[in-house]
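What follows is each chain in one-letter form.
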Amino acid sequence: MSRRLLLINPAHMLNGRVQRGPAQFPIPPLNLGYVAALTPASWEVRIIDENLRLEEGLSWRPDLVGLTALTPNAPRAYALAQQYRAAGIPVVLGGIHASALPDEAARYVDAVVVGEAEGAWPRLLADFEAGRLQARYDGGFDALESLVPPRRDLYPGGYFTEVAFTSKGCLGHCDFCSIWRFYAQCYRTRPVDDVVDELATLPAHKMVFLADDNLTLQPGRVIEICQQLVKRGLRRRLTIQGAITLADNEELLIWLKRAGCVYVFVGLESLNGEALTQIGKPNLLGANAEGYRRRLANLHRHGLGVYGSFIVGLDQDTPETFAQLERFILEAEIDCALINILAPLPGTLLWERLIAEGRLLLRHFPDDYACCTQDRVYFQPAHLTPQQLEEGARQLIVRLNRPGLLARRARRTWQHTHSALATLIALEWNRRSRVAARRIPDRCENVGT
Ligand code: B12
Ligand code: SF4
């Protein structure tokens with residue numbers, strides 16, 4: 001008789017209550033697709049993504065449950081683990097939160113997987129089948145060759161976009177970022193042919209998000225991927241993430257566009273040079289942020305839409321920062337702007353520094369991890385009050401995306417990209433950002449207590 005594995009991407013839980021409703025643009029949990037693919041055919045596997053919809057009750061009783069968690073949904077992962085274990089079903093937890101805090105995770109589950117599933121999951125399942133499940137497995141970080149394709153057939157329907165990756169890691173060392181410490185500052189790439197073969201299996205009409213942390217660290221490789229896509233008649237509607245310096249490489253931009261790239265996501269973070277230096281990002285601003293303006297204009301010149309991501313609440317930010325950002329985003333005609341409140345997370349240098357400075361306003365862990373999102377303040381800012389920061393961010397998002405401006409900004413996206421898809425995404429992304437910013441999120445009851 002086949003065994004049953006249930007894989008779950010947990011929802012968010014705040015103040016003890018599960019948060020309902022999908023994320024802004026839900027993305028399939030690629031990690032669980034890979035875990036499923038590593039599972040032998042003798043197992044029946046199902047995937048639940050609570051970020052898409054909650055599925056109550058135990059209508060399908062699994063033999064084993066596998067959970068993944070980022071820090072903000074770790075409390076929900078722990079609550080689910082408790083429910084399944086109470087029903088006599090063993091639970092395994094993997095992902096970046098468990099890898100950062102394996103001892104904490106071990107208190108809530110039967111087995112913790114640190115690192116990647118590829119180096120641990122087959123061993124773990126063999127142990128489980130032999131009745132000797134261990135408390136901890138270290139999957140390490142193997143070369144990204146001959147990866148089994150993720151089981152996308154198991155995802156529930158209803159996602160706006162597909163997701164894949166071509167590389168993992170980044171050679172940067174930003175203080176707020178988890179990944180360079182998670183991957184021990186190493187950059188691994190997949191063979192170009194594997195990537196193109198995988199992209200060939202994804203539907204041409206869907207958006208494909210390439211979730212590489214920094215896709216363009218080896219531009220020659222990305223050009224090769226794009227060239228192969230074009231040669232094989234496989235243009236895909238790509239969104240990629242990279243450093244703004246990718247805009248300096250004309251050949252890269254030409255090939256990205258030819259391969260079907262619609263949007264480029266760049267972490268611009270701040271317009272304050274001192275802040276960029278403090279967080280560990282190269283300061284490419286130049287006078288009057290000309291270094292950013294010129295590069296953003298070049299992305300537009302090549303017909304690429306831009307997601308520009310900023311962080312507010314950095315130590316150099318003041319009440320004037322919000323108006324400054326607003327002017328810049330509108331002048332540079334950033335198609336989709338992300339205004340993120342600085343979100344310190346365990347495992348990062350920033351987290352360690354704020355704790356050492358006594359500025360973290362949370363201490364009821366693990367429940368308080370649910371407060372660690374980019375739409376609320378849970379640390380003491382340097383030159384703003386927490387209320388000024390939260391309100392400043394919210395009002396900035398609402399102002400940038402007020403109805404009259406939404407249409408004007410979308411018109412500019414059309415003029416830059418001549419892409420109906422890019423224009424629709426800008427309209428919808430920006431509209432949803434305004435709706436989300438106007439809906440005051442549930443307070444974290446524990447902040448400051
Ligand atoms: C794509 C992505 C997203 C997507 C999808 C997230 C998702 N649930 O999968 C979206 C855009 C929705 C997203 C949102 C957020 N994200 Co994000 N995201 C990423 C990104 C760029 C890639 C993740 C990915 O798919 N990698 C490819 C897969 C195959 O690798 P993987 O996830 O690492 O999985 C492997 C292992 O971790 C392990 N594993 C993972 N789970 C499990 C489970 C089991 C049972 C086992 C055995 C193994 C295992 O095996 C897997 C296969 O090798 C990462 C950066 C990164 N490198 O991780 C940031 C990252 C994960 N995000 C991050 C953050 C902070 C967020 C947000 C919280 C931001 C916010 N809004 O406040 C939100 C929260 C969303 C939510 N509700 O869960 C942080 C997480 C840090 C932390 N400590 O939690 C990261 C690391 C970015 C960073 N720079 O620090 N994100
Ligand atoms: S450049 Fe991006 S991925 Fe690299 S360390 Fe900085 S924030 Fe993380």
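Residues numbered from 1 in each chain as written. Chains lettered and ligands numbered in written order. Predicted model: local features only at pLDDT ≥ 70, side-chain atom pairs only at ≥ 80, totals over all residues. Heavy atoms only, no water.

Considering the sheet that holds strand β1 (residues 3–9)
In space, the 6 strands of this open sheet follow the order β4-β1-β5-β6-β7-β8, with parallel pairing throughout. Looking at strand neighbours, the two that pair on one side only are β4 (43–49) and β8 (136–140), the edges of this open sheet. Strand-to-strand twist of the sheet, defined as the mean angle between neighbouring strand axes without regard to direction, takes the value 20°. Pairing geometry for strand β6 (residues 91–94) and strand β7 (residues 111–115), over 2 bridges, is parallel. Its bridge partner being in β7, Val92 is matched across the sheet by Ala111. (Pairing = 2+ DSSP bridges. Helix = DSSP H or I, 4+ residues; strand = E, 2+ residues; numbered from the N terminus. Axes fitted to C-alpha atoms, helices over the stretch in contact; angles between N-to-C directions.)

Things to note about the site of ligand 2
Every residue lining ligand 2 is accounted for by Cys170, Gly172, His173, Cys174, Phe176, Cys177, Ile179, Trp180 and Lys281. Tallied by class, residues from the shell around ligand 2 come to 6 nonpolar, 2 polar and 1 charged. (Near = heavy atom within 4 Å. Nonpolar A, V, L, I, M, F, W, Y, C, P; charged D, E, K, R; others polar.)

Overview of the nonpolar core
Counting residues in hydrophobic clusters, the biggest one holds 66 residues, and the most contacted among them are Leu256, Leu296, Leu299, Ile334 and Ile339. Excluding anything up to four places from it in sequence, Leu256 contacts Val222, Cys226, Ile240, Leu246 and Cys261. Formed by 31 residues, the second largest nonpolar core is a distinct cluster that contains Val35, Leu38, Leu124 and Leu125. (Core = buried A, V, L, I, M, F, W, Y, C linked by side-chain atoms within 4.5 Å. Buried < 20%, exposed > 50% of the residue type's maximum accessible area, 1.4 Å probe, protein only. Contact = heavy atoms within 4.5 Å.)

Here we look at the packing of helix α8 (residues 219–231) against helix α9 (residues 250–258)
Remark: α8 packs on α9, axes separated minimally by 9 Å, with the N-to-C direction vectors making an angle of 30°. Viewed along their axes, α8 and α9 adopt a mutual orientation that is roughly parallel. α8 and α9 meet at a crossing whose hand is left-handed. Along the contact surface, α8 presents Pro219, Val222, Ile223, Cys226, Gln227 and Val230, while α9 presents Glu251, Leu252, Trp255, Leu256 and Arg258. Among the residues making up the contact of α8 with α9, the classes are represented as 8 nonpolar, 1 polar and 2 charged. (Parallel < 35°, antiparallel > 145°, perpendicular 65-115°, else oblique. Left-handed = near helix turned anticlockwise from the far one by under 90°.)

Quick look at the site of ligand 1
Taken together, 35 residues lie around ligand 1, and Thr68, Thr71, Ala117, Glu118 and Asp213 are the ones closest in. Glu118 places a polar side-chain atom, nitrogen or oxygen, 2.7 Å from an oxygen atom of ligand 1. Contacts to ligand 1 include Asp213, whose side-chain N or O atom sits 2.8 Å from a nitrogen atom. Mapped onto the shell around ligand 1, the elements with two or more residues apiece are α1 (30–37), β5 (64–68), β7 and α6 (179–182). Top element by residues in the shell around ligand 1 is α1. It accounts for 4 residues. Among the residues forming the shell around ligand 1, the class breakdown is 18 nonpolar, 13 polar and 4 charged. Both domains that furnish three or more residues to the shell around ligand 1 are identified here as domain 1 (3–140) and domain 2 (152–438). (Polar contact = N/O pair within 3.5 Å; in protein donor to acceptor, adjacent residues only side chain to side chain. Domains from an automatic or database assignment.)

Section: the domain arrangement of the protein
Per the domain assignment, the segments of the protein are domain 1 (3–140) and domain 2 (152–438). When each unit is reduced to the centre of its C-alpha atoms, the spacing between domain 1 and domain 2 is 27 Å. At the junction of the two partners, domain 1 supplies 31 residues and domain 2 supplies 34 residues. Where domain 1 abuts domain 2, roughly 2900 Å² becomes buried across the two surfaces, and 70% of that area is made up of carbon and sulfur atoms. For the interface between domain 1 and domain 2, the tally reads 2 salt bridges. Ionic pairing is found between Glu116 and Arg188, a salt bridge with its closest N-O pair at 2.7 Å. For the pair domain 1 and domain 2, the interface holds 7 residue pairs in polar contact (both at pLDDT 80 or more). Counting only elements with at least two residues in the side of domain 1 that touches domain 2, the list comes to β2 (13–14), α1, β4, α2 (74–86) and α3 (96–100). Of the residues belonging to the side of domain 1 that touches domain 2, the class tally is 20 nonpolar, 7 polar and 4 charged. (Buried area = accessible area lost by both parts, 1.4 Å probe. Salt bridge = Lys/Arg side-chain N within 4 Å of Asp/Glu carboxyl O.)

Details of the pairing of strand β15 (residues 305–312)
Most of β15 sits out of view: 8 of its 8 residues are buried. Burial along β15 is two-sided: the face carrying Gly305, Tyr307, Ser309 and Ile311 and the face carrying Val306, Gly308, Phe310 and Val312 are both buried. As defined by bridge partners, strand β14 (residues 263–269) adjoins β15 across 6 bridges and the pair is classed as parallel. Residue pairing in the sheet places Gly267 in a bridge with Ser309 of β15. Bridging between β15 and strand β16 (residues 336–341) involves 6 bridges; their strand directions are parallel. Within the sheet, the bridge partner assigned to Ser309 lies in β16 and is Leu338. In this fold, β15 hands off to helix α12 (residues 321–331), which returns the chain to β16; that crossover is right-handed. (Right-handed = clockwise from strand over helix to strand, strands pointing away.)

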